[in-house]
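# Notes for the structure review
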Amino acid sequence: MTKTISRKIRQIQKWEKISSKYYRNCLFIAGHDTGAQGLGQHLMSMNANHYLPTNDNQIPTGELADVGGTVFDLRVPSKPLSAMLPDCPGGANNGFDHNFCVNGDPNQFRMVCRVDHKESGRALECFSNQPGVQFYTGNFIPTDDSLTGKNGCFYKKHAGFCLETQQFPDAINQKFEHDGILRPGQIYDHKVMYKLFF
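Everything numeric in this text was worked out from a predicted model, so none of it was measured.

## Points about the environment of Cys101
One can find Cys101 in strand β7 (residues 97-102). Overall, the relative accessible area of 8% leaves Cys101 in the buried class. The contacts of Cys101, once residues within four sequence positions are left out, are Asn47, Ala48, Asn49, His50, Tyr51, Leu52, Leu64, Pro131 and Phe168.

## Quick word on the packing of aromatic side chains
Under the counting rule described, the total for this entry stands at ten aromatic pairs. When the ring of Phe72 is compared with that of Phe96, the centres are 5.9 Å apart and the planes differ by 80 degrees; the resulting orientation is edge-to-face. Note that Phe72 is positioned in the loop between β6 (65-66) and α2 (81-84) and Phe96 in the loop between α2 and β7, a separation of 24 residues in sequence. Assigned by exposure class, Phe72 and Phe96 land together as buried.

## Looking at the nonpolar core
Within the largest apolar cluster, 29 residues are counted, with the highest numbers of intra-cluster contacts made by Met44, Met46, Leu74, Phe96, Phe100, Phe135 and Leu163. When residues no more than four places from it in sequence are discounted, the contact partners of Phe100 are Met46, Ala48, His50, Tyr51, Phe72, Leu74, Pro131, Gly132, Val133 and Phe135. In this structure, Leu52, Phe168, Ala171 and Phe176 belong to the second largest nonpolar core, which totals five residues.

## Some thoughts on the confidence of the model for the protein
Of all residues in the protein, 85% have pLDDT values of 70 or greater, and the mean over the chain is 84. With pLDDT under 50 throughout, residues 11-16 is counted as low confidence; its partners more than four residues away or in other chains account for 18 contacts. Below a pLDDT of 50 lies the segment residues 22-28, which in the model reaches 28 contacts outside its immediate sequence neighbourhood of four places, other chains included.

## With respect to the pattern of salt bridges
As enumerated under the stated definition, the model contains five salt bridges in all. Between Asp73 and Arg75 there is a salt bridge, with its nearest N and O atoms 2.8 Å apart. What makes Asp73 partly exposed here is its relative accessible area of 22%. In this structure, a network of salt bridges that share partners links the residues Arg114, Asp116 and Glu125.

## With respect to the pairing of strand β9 (residues 122-128)
Burial within β9 is extensive, with six of its seven residues counted as buried. As paired strands, strand β8 (residues 110-117) and β9 are joined by seven bridges and run antiparallel to one another. Within β9, the position partnered with Met111 by the bridge is Phe127. Counting the residues that bridge the hairpin from β8 to β9 gives four residues, and of these Gly121 lies at a positive phi of roughly 80 degrees. One ladder, built from six bridges, connects β9 with strand β13 (residues 187-197); its direction is antiparallel. Counted as the bridge partner of Cys126 is Tyr194 from β13.

## Looking at unusual backbone geometry
Unusually for a residue other than glycine, Gln58 sits at a positive phi of about 65 degrees. Following the sequence through the fold, Gln58 ends up in the loop between β5 (48-51) and β6. A relative accessible area of 37% means that Gln58 is categorised as partly exposed. At His158, a residue that is not glycine, the phi angle is positive and equals roughly 65 degrees. Overall, His158 belongs to the buried group, its relative accessible area being 8%.

Definitions and limits used
- Residues numbered from 1 in each chain as written.
- Predicted model: local features only at pLDDT ≥ 70, side-chain atom pairs only at ≥ 80, totals over all residues.
- Heavy atoms only, no water.
- Helix = DSSP H or I, 4+ residues; strand = E, 2+ residues; numbered from the N terminus.
- Buried < 20%, exposed > 50% of the residue type's maximum accessible area, 1.4 Å probe, protein only.
- Contact = heavy atoms within 4.5 Å.
- Phe/Tyr/Trp six-rings, centres within 6.5 Å; stacked < 30°, edge-to-face > 60°.
- Core = buried A, V, L, I, M, F, W, Y, C linked by side-chain atoms within 4.5 Å.
- pLDDT = per-residue confidence, 0-100.
- Salt bridge = Lys/Arg side-chain N within 4 Å of Asp/Glu carboxyl O.
- Pairing = 2+ DSSP bridges.

Okay, structure coming up:
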């Protein structure tokens, strides 16, 4: 199954964060009621040699940090997410909530990442023409039973993940190669494709 999302926008000069939020909870991969255990079974392979570190307010610092030797090195799916989440920053809200800088020409449609769930045999691949992807692991989902989902299941912290292909966050205030401004006459062309295997 493949889902392709494409957005083209022409407008006056303006800065606006435009991303393609496509939330994938465990419903499509491990099963909606598997919670943090189901998320932890996933293997992530991210096509990114760099990520954007953030400050205590989760605003990028402006640095493009090398993923090598860090918990952010997802280039080879060597460990399930359950082995990585405890080492992620964030204190009580630990987990991934970072922009990964996708390798390759940001104007070219290319692979962003692949997520595998070996237990079910399902997988997801993401492709885009954007320079970054925000990988979020549900760090701010409540830890109590206040979020009720399908069939009365309670969704809690780390009950799912999200992949948002995007321009780099806070690009207008940083010294990245692009500033995230859509100028008069320019066309914003955002393509993303999600392939599901089952």
